[in-house]
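Structure at a glance
Residue-level listing of the chains:
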Amino acid sequence: MALLHSSLCSCCAFFLLAFTFLQAPRVYGRETENRYVVGVRSLLPSSVCSSPRDSNPSMMRVVHRHGPCSPLSPSRKPADVKLLNQDQDRVNWLQRQISIASNGTRASLAATIPANSGGSIGTGNYVVKVGFGTPKNDFTVIFDTGSDITWIQCKPCSGRNCYPQQDPLFDPSQSSTYSKSQLKGFFGSDTLTLTPSDVLPNFLFGCGDQSKGLFGRAAGLLGLGRRPVSLVSQSSPKYGGVFSYCIPSTSSKPGYLTLGSRRLSNVQFTPLRTFSNLPSFYFLDLVAIKVGGKQLPISSKVFSTAGTVLDSGTVISRLPPSAYAALQSAFRKQMTRYKMVPALSILDTCYDFTGYDTVWVPTVALMFGGGTTLNVDFSGILYVPNVSQACLAFAPNGDAKDFGIIGNAQQKRFNVVYDIANRRIGFGANGCN
């Protein structure tokens, strides 16, 4: 709800706004809003999964791997500093991949399976459950738009050659539809079951028996990049090269991942930028940023110098240094009522909300080519490990030539649509809770 300047009694108006946001703290996204008013107790996720009763069986369920909705065994959540450092590892990996490709070098298909270290691609934080083989065996895997190969650990992987996972290892000898691929490396072909109605025979995937990494007991990875071996490309004859997902607002709620053009209502599209030497990634044109409804004084050349990639595996969005400086300055000016506290890893603008029942936070909007605006949900503006340290969920790149990244924190609650055939990416507000 926008703060409207009217002749209403300011006291009555404030009471109405506070009551409305406390009752429905997730109704956001209108560009006329300049600030969010949110109850402090709603900043932290619940310890109980609030799964909707009417979950759609035709969609894969997306959950945070450390949250109460995760199918992985409950374990102590890693410290936030560690998670943010791993996020930086992810960014470093993406920057290296694009730098290598920009220099005209391409890794072989087999070499793209992360056989040595999961830390090399960062540790994705959202997982889905899919089935491999006949009869079907279910596996919890990280879904990743920055990777092409879908892979899981397979027998005879054992001992120090593998990392520990919750699901039993996939045994190719027990599947009647498995066959080895003619490609180099550990590739196989088998039936992939995404949902009861989404079954892909002869799906090519990596079957690793020497995998070490930090995948948090997940069985492997679901590759949603653009190269021919990706899930999106292999399923293109059936689904037209279209998929969408919604990242939930908190780790105690589920989102979804689905293939095909099923959920296109209320979606605004921006052009998908493609480069022949960068066939895996999803680039778009970030052209401006607004804070509190006001556009920041940032030249469009700041964003176009290196470009911007949309990524499901990165958590915190990365901006060119000068763009981040403008965002940081504008945000801090509107948050002077709150005490600043020390930085948290890569996040340098943090506040202590202790003692407050509600907080007022300026809106942030990302403006893309084609006139599309993503009004970041409140859940994507702040990274909140605890009430005494709530941080602006953006970070600067180290160099102006490094490409920007729109991370999954800023994508929360949006139906994010990848329409590769029509070379466009869409955002639909209120896609999930």
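Numbering of residues starts from 1 in every chain and runs along the sequence as written. In keeping with the predicted nature of the model, local features appear solely for residues at pLDDT of at least 70, side-chain atom pairs appear and are counted solely at 80 or more, and the whole-chain, interface and lining totals rest on all residues. Side-chain numbers here rest on the full set of heavy atoms in the structure, without hydrogens or water.

Every helix listed is a DSSP run of H or I at least four residues long, and every strand listed is a run of E at least two residues long, numbered separately from the N terminus. Check the secondary structure of the protein chain and you find 6 helices and 29 strands. Burial classes follow relative accessibility: with a 1.4 Å probe on protein chains only, a residue under 20% of its type's maximum area counts as buried, one over 50% as exposed, and anything between as partly exposed. Looking at the protein chain residue by residue over its 433 residues, the buried ones come to 55%.

Strand order in the open sheet formed by 4 strands is 16-15-22-23, with antiparallel pairing between adjacent strands. Of all strands in the sheet, those with a lone pairing partner are strand 16 (294–295) and strand 23 (372–375), marking the two edges. Strand pairing follows a simple DSSP-based rule, namely that at least 2 bridges must link the two strands.

Attention shifts here to the state of the cysteines. A pair of sulfur atoms, both from cysteines and within 2.5 Å, is called a disulfide here. The tally for this structure, following the rule as stated, stands at 4 disulfides. Here cysteine 246 is linked by a disulfide to cysteine 432, with a sulfur-sulfur distance of 2.0 Å. Its S-S torsion of about -80° marks the bond between cysteine 246 and cysteine 432 as left-handed, since a negative value means left-handed. Here cysteine 432 lies in the segment after strand 29 (424–428) and cysteine 246 lies in strand 10 (residues 242–246), a separation of 186 residues in the sequence. Relative accessible area serves as the criterion here: at 0%, cysteine 246 is assigned to the buried category. With a relative accessible area of 10%, cysteine 432 lands in the buried category. What pairs with cysteine 350 in a disulfide is cysteine 391, and their sulfur atoms sit 2.1 Å apart. Torsion about the S-S bond of the cysteine 350 and cysteine 391 cystine: about 105°, corresponding to right-handed handedness. Note that cysteine 350 is positioned in strand 20 (residues 350–352) and cysteine 391 in strand 25 (residues 389–392), a separation of 41 residues in sequence. Accessibility expressed as a relative area gives 0% for cysteine 391, which makes it buried.

Bringing the sheet that holds strand 24 (residues 382–386) into the picture now. Within the open sheet, the 4 strands sit side by side as 19-20-25-24. Their pairing is antiparallel. The open sheet has two edge strands with one neighbour each: strand 19 (339–341) and strand 24. The mean inter-strand angle of the sheet, taken between neighbouring strand axes irrespective of direction, is 35°. Pairing between strand 20 and strand 25: 2 bridges, direction antiparallel. The axes used here are C-alpha line fits, helices contributing only the stretch in contact, and every angle between their N-to-C directions lies in the interval 0 to 180 degrees.

Before going further, it helps to spend a moment on unusual backbone geometry. A cis amide bond links threonine 134 to the next residue, proline 135, at an omega of 0°. Positive phi outside glycine occurs at asparagine 202, with the angle close to 55°. Its location among the elements puts asparagine 202 in strand 8 (residues 198–208). One non-glycine residue with positive phi stands out, namely arginine 413, at about 75°. Its place among the elements puts arginine 413 in the loop between strand 27 (404–406) and strand 28 (415–419).

This part covers helix 2 (residues 80–102). If you check helix 2, its first and last C-alpha atoms are 33 Å apart, about what 23 residues at 1.5 Å a residue would give, namely 33 Å. Listed in full, the buried residues belonging to helix 2 are Asp80, Leu83, Leu84, Gln86, Asp87, Arg90, Val91, Trp93, Leu94, Gln95, Ile98 and Ala101. Buried residues in helix 2 make contact with strand 4 (137–144), strand 14 (278–284), strand 18 (317–319), strand 24 and strand 27. Here the expected span of a helix is defined as 1.5 Å times the quantity of residues minus one. Contacts are assigned to residue pairs with any non-hydrogen atoms lying within 4.5 Å of each other.

Along the chain, aspartate 311 turns up in the loop between strand 17 (308–310) and strand 18. Given the relative accessible area of 2%, aspartate 311 is considered buried. A polar contact is formed between the side chain of aspartate 311 and the side chain of threonine 145, at a distance of 3.5 Å. Pairs of N or O atoms are called polar contacts if they sit within 3.5 Å, as long as, within protein, a hydrogen donor faces a hydrogen acceptor (for residues adjacent in sequence, only side-chain-to-side-chain pairs). For aspartate 311, the side chain forms a polar contact with the main-chain nitrogen of glycine 313, separated by 3.4 Å. The residues contacting aspartate 311, other than those within four sequence positions of it, are Arg90, Leu94, Asp144, Thr145, Gly146, Ile405, Ile406, Gly407, Asn408 and Gln411.

The rule for a salt bridge is simple: a side-chain nitrogen of Lys or Arg has to be within 4 Å of a carboxyl oxygen of Asp or Glu. Scanning all chains against the criterion turns up 7 salt bridges. A salt bridge links aspartate 144 to arginine 90, with the nearest nitrogen and oxygen atoms 2.5 Å apart. With aspartate 144 in strand 4 and arginine 90 in helix 2, this pair connects stretches of sequence that are 54 residues apart. The class for arginine 90 is buried, based on a relative accessible area of 3%. Among the charged side chains, a network of salt bridges with common partners joins Arg90, Asp144 and Asp311.

Attention now moves to the packing of aromatic side chains. Between rings of Phe, Tyr and Trp, where Trp is taken as its six-membered ring, a pair exists when centres lie within 6.5 Å; planes separated by under 30 degrees are stacked, by over 60 edge-to-face, and by other angles tilted. Under the criterion given, the structure shown has 19 aromatic pairs. Ring geometry for phenylalanine 170 versus phenylalanine 205: centroids 6.1 Å apart, planes at 70°, classification edge-to-face. Here phenylalanine 170 is found in the loop between strand 5 (151–153) and strand 6 (179–180), whereas its partner phenylalanine 205 is found in strand 8, with 35 residues between them in sequence. What makes phenylalanine 170 buried here is its relative accessible area of 1%. According to the relative accessible area criterion, phenylalanine 205 is buried, its value standing at 1%. For the ring pair phenylalanine 331 and tyrosine 351, a centre distance of 6.3 Å and an interplane angle of 55° mean the geometry is tilted. Here phenylalanine 331 is found in helix 6 (residues 321–333), whereas its partner tyrosine 351 is found in strand 20, with 20 residues between them in sequence.

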